[in-house]
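One-letter residues, chain by chain:
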Amino acid sequence: MIDARGGQPTPVPLVSVVTTLLYPRWEPLTCLDSWTRGQRFPQDRIELIVVANGRRRSLERDVARMLRPQDRLVPFDSTNEMALYDRGARDARGQWIFFTEPHCVADPDCITRLVDHVTAHGLAGACVRTLPTVERSPIARMEARFYLDDAETWLRDEDWRKFTKRGTLVSRTAFIDVGGFDVDFRRFAEITIALKLHRRGYRLGYAPEAVITHYNSTGLGELL
């Protein structure tokens, strides 16, 4: 691929990190940077795709300034979070698509651990391990507890529901093969895509060595 700005060939990314700006919460620029410059994985093998609906103009300008040549800010006019993710995934060039949220900070080895895990186990994808922050807000503590309690069930080896937009790597081939997200189901599209992958014989795993820190909701309205 040729970079039109400089005429130089640009490597095709191995991993496309896809996120939105709907719920930025804590220092979104720091969170986004942790998936690009903050990774020990080769920089030229990662692209960042940020899908924005135009409702956060100031933040969108800040994000545009921090992007590298291979990264993209994709406009898409919708308040349906899963539709934004689906739009970004269809723009992805990488062999692997990594879905995450703009309030998640990645461990420096997160992408390396994920790629190593799916390769070693012959998987179509894998989700990360979530670490909660030390929360002072009772609402944030509630969300952290809900998530971790649920995860004890669906992270078991025999459970197929290993898809979370906090951090899941999926083969682009598998994502396209099952038709992407069922965006009309909104948040439940996380479960429906996991089911579609399972029914097609694609296996998702859990990579506990791939770690993120998730910043939880501090308001009951957003949590609900």
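Residues numbered from 1 in each chain as written. Predicted model: local features only at pLDDT ≥ 70, side-chain atom pairs only at ≥ 80, totals over all residues. Heavy atoms only, no water.

Peer 1: I tried to follow the overall build of the chain on my own but got confused; where do I start?
Peer 2: When you go through the chain residue by residue, the secondary structure sums to eight helices and eight strands. A burial count over the chain gives 53% of its 224 residues as buried. Expressed as a percentage of contacts within the chain between residues at least 6 apart in sequence, the contacts between residues at least 24 apart total 77%. Carbon together with sulfur atoms contributes 52% to the accessible area of the chain, which is approximately 10900 Å² in total. (Helix = DSSP H or I, 4+ residues; strand = E, 2+ residues; numbered from the N terminus. Buried < 20%, exposed > 50% of the residue type's maximum accessible area, 1.4 Å probe, protein only. Contact = heavy atoms within 4.5 Å. Areas by Shrake-Rupley, 256 points an atom, 1.4 Å probe, with all protein chains shown as cover.)

Peer 1: Help me out: how do you make sense of unusual backbone geometry in this one?
Peer 2: Only a minority of non-glycine residues have a phi that is not negative, and only a minority of peptide bonds are not trans. Even without being a glycine, Arg186 presents a positive backbone phi close to 50°. Of note, Arg186 is situated in the loop between α6 (172–177) and α7 (189–199).

Peer 1: Sorry, what's going on with the pattern of salt bridges here?
Peer 2: Pairing of side chains with opposite charge becomes possible as their charged atoms draw close. Under the defined criterion, the tally for this structure stands at 15 salt bridges. One salt bridge in this structure joins Arg37 and Asp33, with 3.1 Å as the shortest N-O distance. By relative accessible area, Arg37 is classed as partly exposed at 44%. Among the ionic pairs, Asp91 bridges to Arg87, the shortest N-O distance being 2.5 Å. Here the residue Asp91 and the residue Arg87 both occupy positions in helix α3 (residues 81–91), the gap between them amounting to four residues, near one helical turn. Exposure remark for Asp91: the relative accessible area of 24% places this residue in the partly exposed category. (Salt bridge = Lys/Arg side-chain N within 4 Å of Asp/Glu carboxyl O.)

Peer 1: Whenever I open this one, helix α4 (residues 110–121) confuses me. Can you help?
Peer 2: Residues three or four positions apart in an α-helix share a direction because the helix packs 3.6 residues into each turn. Counted at 1.5 Å a residue, the expected span for α4 with its 12 residues is 16 Å, and the 17 Å between its end C-alpha atoms agrees. Those residues of α4 not exposed but buried are Cys110, Ile111, Thr112, Leu114, Val115, His117 and Val118. Gly122 lies just past α4 and shows a positive phi near 60°. (Expected span 1.5 Å × (residues − 1).)

Peer 1: How should the side chain of Asn80 be read in this particular structure?
Peer 2: Tracing the sequence through the fold places Asn80 in the loop between β3 (72–75) and α3. The contacts of Asn80, once residues within four sequence positions are left out, are Val183 and Arg186.

Peer 1: Sorry, what's going on with the packing of aromatic side chains here?
Peer 2: For any two aromatic rings, the description comes down to two numbers: the centre-to-centre distance and the angle of the planes. For the structure on display, the rule yields seven aromatic pairs. Each ring, one from Phe99 and one from Phe175, has its centre 5.6 Å from the other, and the planes form 40°; the classification is tilted. Within this pair, whereas Phe99 is found in strand β4 (residues 96–100), its partner Phe175 is found in helix α6, the two being separated by 76 residues in sequence. Here Phe99 falls in the buried class, since its relative accessible area comes to 0%. Residue Phe175 is classed as buried on the basis of its relative accessible area, which comes to 0%. Summarising the aromatic geometry, the rings of Phe163 and Phe181 are spaced 5.6 Å apart at their centres and angled 80° between planes, so their arrangement reads as edge-to-face. Linking Phe163 in the loop between α5 (138–154) and β7 (167–171) with Phe181 in the loop between α6 and α7, this pair joins segments that are 18 residues apart in sequence. Phe181 gets classed as buried once you look at its relative accessible area, which sits at 5%. Grouped by ring-pair contacts, the aromatic residues Tyr85, Phe99, Phe163, Phe175 and Phe181 constitute a single cluster. (Phe/Tyr/Trp six-rings, centres within 6.5 Å; stacked < 30°, edge-to-face > 60°.)

Peer 1: So what exactly am I meant to see when it comes to the confidence of the model for the chain here?
Peer 2: When pLDDT drops low, the exact placement of atoms in the prediction is not to be read closely. Mean pLDDT over the chain stands at 88; residues scoring 70 or higher make up 88%. β4 holds the highest mean pLDDT among the elements of the chain, 98, whereas helix α8 (residues 220–223) holds the lowest, 65. Counting interchain partners and residues more than four positions distant, the pLDDT-below-50 stretch residues 1–5 has 11 contacts. (pLDDT = per-residue confidence, 0-100.)

Peer 1: I'm lost on the sheet that holds strand β6 (residues 125–132) in this one. Help?
Peer 2: Consider a sheet: its strands pair through backbone hydrogen bonds, and that pairing is either parallel or antiparallel. Read from one edge to the other, the open sheet built from eight strands follows the order β3-β2-β1-β4-β7-β6-β8-β5, with strand pairing classed as mixed. Every interior strand has two partners, whereas the edge strands, β3 and β5 (104–106), have only one. Averaged over all pairs of adjacent strands, the angle between strand axes in this sheet comes to 30°, irrespective of strand direction. Across five bridges, β4 lies against β7 in antiparallel orientation. By the bridge assignment, Trp96 is partnered in β7 with Ser171. (Pairing = 2+ DSSP bridges. Axes fitted to C-alpha atoms, helices over the stretch in contact; angles between N-to-C directions.)

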